[in-house]
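Architecture and fold: a report
These are the residues of each chain, in order.
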Amino acid sequence: MPAIALTGQCLPEDSTVASFLTNLPEFIGALLVDERCVVAIADFSDDRYVQFWLDTPQHFSVEVVSNAFLDDDHELSEDDESTLDELCFIAPTLSSSPNWHWTGRSMGEFAEIVRVTSSAVSNVLSKSGDDVVTIRTFEVERRERSGSRQSASPQPR
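Residues numbered from 1 in each chain as written. Predicted model: local features only at pLDDT ≥ 70, side-chain atom pairs only at ≥ 80, totals over all residues. Heavy atoms only, no water.

**Notes on helix H2 (residues 24–33)**
- Residues of H2 that are buried: Leu 24, Phe 27, Ile 28, Ala 30, Leu 31 and Leu 32.
- Those residues of H2 that are buried lie in contact with helix H1 (17–22), strand S2 (38–44), strand S3 (49–56), strand S4 (59–64), helix H4 (110–124) and strand S6 (132–139). (Buried < 20%, exposed > 50% of the residue type's maximum accessible area, 1.4 Å probe, protein only. Helix = DSSP H or I, 4+ residues; strand = E, 2+ residues; numbered from the N terminus. Contact = heavy atoms within 4.5 Å.)

**Overview of the sheet that holds strand S5 (residues 100–104)**
- Spatial ordering of the open sheet is given by S1-S6-S2-S3-S4-S5, a layout of 6 strands whose pairing is antiparallel. Each having just a single partner strand, strand S1 (13–16) and S5 make up the two edges of the open sheet. Strand-to-strand twist of the sheet, defined as the mean angle between neighbouring strand axes without regard to direction, takes the value 20°.
- In this structure, S3 lies alongside S4, joined through 6 bridges in antiparallel fashion. (Pairing = 2+ DSSP bridges. Axes fitted to C-alpha atoms, helices over the stretch in contact; angles between N-to-C directions.)

**Comments concerning the side chain of Arg 48**
- Here Arg 48 lies in the loop between S2 and S3.
- Using a relative accessible area of 8% as the deciding quantity, one classes Arg 48 as buried.
- What Arg 48 contacts, discounting residues up to four positions off in sequence, is Ala 42, Asp 43, Val 65, Leu 70, His 74, Glu 75, Leu 76, Asp 80, Val 124 and Leu 125.

Structural data, given as structure tokens:
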């Protein structure tokens, strides 16, 4: 049974960063129990974003925008990238994973998912309080991957 209301890919909802971070445990929890393959994107006014991809509760990804998608004025600094590395995000590769990404493999990683996302938003993207965040949630179709696992192919924002 679906657990999260979907806005649709082209129908975002605005919120504040304070509200987003306060409600992040509920938001992540709803994604983790949803039976659909869901993508959620939280966009900020400077073209920075975090996005989530729930393929199954055993494959949950959090992505933070990389410099490949940012103009010179908004690029992540070396310190930002070091912080992402310390949070155990995997550095982007333009061929397969163009954003910084962190992947959870079990429902037991719920607290860690919330922690790394909160830290990335606050400490790397420098978002807080009344800053506006625009959120989109939408379902994507799962496609067969080699082996028995299913996966979707969300496109980076």
